[in-house]
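Read off the chains here:
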Amino acid sequence: MPTPTPTISPSLQEQKAERTLPSNPPQKPAHSESLLHYIVLLEKAKQQRNQSLAYFDDQDYETDYIQNEKAKNTYLRAKQNEAEVRVNTGTTEKKLETVVNELLSLNLKHEVKAFDKDDLEIQELGEDISDVVTRSNQIEKDEDFWEEATIELLAQRAVFIEERFVERRLRNRTQTVRRAEKILHSGLKVFLGDITVPAYRQHEQPFQFLYDRLHYDTAKTYYGHFPNFQFVKKGTPIFANDQSRDLTAGDYRFGQLQQDEVEIITFEDLPHNEKVTIINGVLMQPPNSPMPGTLPNYSIRMFTLRSLSTDFAYGRSLISQAKTLQAVNNEAIRLMIRKWQQSLEPPMAVAKGKVYSRNIWDPGSFSS
């Protein structure tokens, strides 16, 4: 299953006006000598997540993620042989909908209480702040976001939520407003530096990064103001992943791209307060650029429904818990329908020779 086409929301920094490039541009991107350091970390995170683990039933994370997506949407797999019955009861999907509806029907709204320096409650101030938060959530369409986030949490091993400040132009197109927006990211796009660190200790991750794919022209509107963007080569060079070749800046690719695509890697290192963006093997900022904001955590937070181990980041979802019973249910229905077919159209045979086809017991089959 191909990776869904990602979308990103431009940050304030990304929406700055394009800067004028110097009349004599450099021949190679700045800070290219530091690229190898990041490539080593990126490949380490990829290898960690691509390994088959017992926590994922001896599968890698991507395979497990895709299977959970199929179960969530009642995927009807193809027949493995001509006589097999193609059926899926959809029990898991319906139970997921029931749990989601129950959770969303709960009253989980905020209630702000304000106190003065003498620890006396200021009731009117608390109500005013509550109204401000309520209106902010309405503008951000908070209810729609949490519905999608809840489904992802119940269906997958982890849910990843980013909150970033963006600048939006008002309807009159003469003024802009700055506000925080929540973004739900697919687990396929987020890579952890150490998968042995549990989710509740995410701030101890040595690093993590977000992987996005965009059309070159779209990426240019967001990142074209960086001087190094002029060195970005779209698509994938045929030697991009050749380990025997000394790659220059702009040659490295983390994944496979279409001809007009570029990959956006947003790398964060909380212990060293560092955040950089790498586009098709080209660093956009100088190494060790500080992370925006003052919150002591990553911009993308990770949450799990139930922990699998104290030494493992990903958790266990309702979908992954129900897949065994769902498989038994599907197989029982298949065998029952097969039995009905055999009763209505019993297989027949005429004695001739000693070698029979393997499908002699298929409904309605005739062997001679």
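Look up: the structure comes first, before these words.
Residues numbered from 1 in each chain as written. Predicted model: local features only at pLDDT ≥ 70, side-chain atom pairs only at ≥ 80, totals over all residues. Heavy atoms only, no water.

J.: For this particular structure, what's the right way to read the packing of aromatic side chains?
T.: The geometry of an aromatic ring pair comes down to the distance between the two centres and the angle between the two planes. If you walk through the whole model with that rule in mind, you get 17 aromatic pairs. Ring geometry for Phe56 and Tyr61: centres 5.8 Å apart, planes at 55°, overall tilted. Accessibility expressed as a relative area gives 1% for Phe56, which makes it buried. By relative accessible area, Tyr61 is classed as buried at 0%. An aromatic cluster is defined as three or more aromatic residues linked by ring pairs; in this entry it consists of Tyr55, Phe56, Tyr61, Tyr65, Phe312 and Tyr314. Its guanidinium or amino end placed over the ring of Tyr216, Lys234 lies 5.4 Å from that ring's centre, counting from NZ or CZ. (Phe/Tyr/Trp six-rings, centres within 6.5 Å; stacked < 30°, edge-to-face > 60°. Buried < 20%, exposed > 50% of the residue type's maximum accessible area, 1.4 Å probe, protein only. Lys NZ or Arg CZ within 6 Å of the ring centre and 35° of its normal.)

J.: Before we go on, may I ask you to explain the sheet that holds strand β4 (residues 208-215) in this structure?
T.: Two modes of strand pairing occur in sheets, parallel and antiparallel, and in both the strands are linked by backbone hydrogen bonds. Spatially, β3-β4-β5-β6-β7 is the arrangement adopted by the five strands of the open sheet, whose pairing is antiparallel. In the strand order of this sheet, the two ends are held by β3 (190-192) and β7 (282-283), each with one partner. In the packing of helix α1 (residues 35-50) onto the sheet, contacts are made with β3, β4, β5 (261-269), β6 (274-279) and β7, and the angle to β3 comes to roughly 95°. Against the sheet, helix α6 (residues 216-223) touches β4, β5 and β6, its axis set at about 125° to β4. (Pairing = 2+ DSSP bridges. Helix = DSSP H or I, 4+ residues; strand = E, 2+ residues; numbered from the N terminus. Contact = heavy atoms within 4.5 Å. Axes fitted to C-alpha atoms, helices over the stretch in contact; angles between N-to-C directions.)

J.: How do you make sense of the pattern of salt bridges when you look at a structure like this?
T.: Opposite charge on two side chains permits them to pair, given that their charged atoms come into close proximity. Evaluation of the coordinates by the stated rule reveals 15 salt bridges. For Asp64, the salt bridge is made with Arg157, and the minimal N-O distance between the two is 2.9 Å. Here Arg157 lies in the loop between α5 (142-155) and β1 (159-169) and Asp64 lies in helix α2 (residues 61-72), a separation of 93 residues in the sequence. On the basis of relative accessible area, Asp64 is assigned to the buried category, the value being 0%. Residues Asp251 and Lys233 are paired through a salt bridge, measuring 3.3 Å at the closest nitrogen-oxygen approach. In this pair, Asp251 sits in the loop between α6 and β5 while Lys233 sits in the loop between α6 and β5, placing the two residues 18 residues apart along the sequence. For Asp251, a relative accessible area of 5% translates into the label buried. (Salt bridge = Lys/Arg side-chain N within 4 Å of Asp/Glu carboxyl O.)

J.: Please explain the sheet that holds β1 as it appears in this structure.
T.: Spatial ordering of the open sheet is given by β2-β1-β8, a layout of three strands whose pairing is antiparallel. Since the sheet does not close on itself, it has two edges, and those belong to β2 (176-185) and β8 (300-303), each with one partner. Across the sheet, the mean angle separating the axes of adjacent strands is 25° when strand polarity is ignored.

J.: Help me understand the nonpolar core, please; the structure alone is not making it clear to me.
T.: By size, the foremost hydrophobic cluster in this structure holds 18 residues, and its most contacted members are Leu42, Phe209, Phe254, Ile265, Phe267 and Ile278. When residues of this core are traced back to their parent elements, those giving at least two are α1, β4, β5 and β6. When residues of this core are assigned to their parent elements, the largest contribution, six residues, is made by α1. Phe209 has contacts with Leu42, Ala45, Lys189, Val190, Phe191, Phe254, Ile265, Thr266 and Phe267, leaving out every residue within four places of it along the chain. (Core = buried A, V, L, I, M, F, W, Y, C linked by side-chain atoms within 4.5 Å.)

J.: What am I meant to see in the pairing of β4 here?
T.: Remember that side chains alternate between the two faces of the sheet whenever the strand is regular. Among the eight residues that make up β4, seven are buried, leaving the element largely enclosed by the rest of the structure. Pairing of β3 with β4, which is carried by three bridges, proceeds in the antiparallel orientation. Within β4, the position partnered with Val190 by the bridge is Leu210. Sheet analysis places β4 next to β5, joined by eight bridges and oriented antiparallel. Paired with Phe209 across the strands is Phe267, a residue of β5.

J.: Honestly, the pairing of β6 in this entry has me stumped. Any pointers?
T.: Where burial is concerned, most of β6 is hidden: six out of the six residues are buried. Both faces of β6 are covered, namely the face carrying Glu274, Val276 and Ile278 and the face carrying Lys275, Thr277 and Ile279. Sheet analysis places β5 next to β6, joined by six bridges and oriented antiparallel. Pairing of Ile265 across the sheet is with Ile278, part of β6. Here β5 folds back onto β6 in antiparallel fashion, the turn holding four residues, of which Asn273 has a positive phi close to 50°. The pairing of β6 with β7 spans two bridges and is classified as antiparallel. Looking across to β7, one finds that Ile279 is bridged to Val282. Here β6 hands over to β7 after two residues, with Asn280 in that stretch at a positive phi of 50°.

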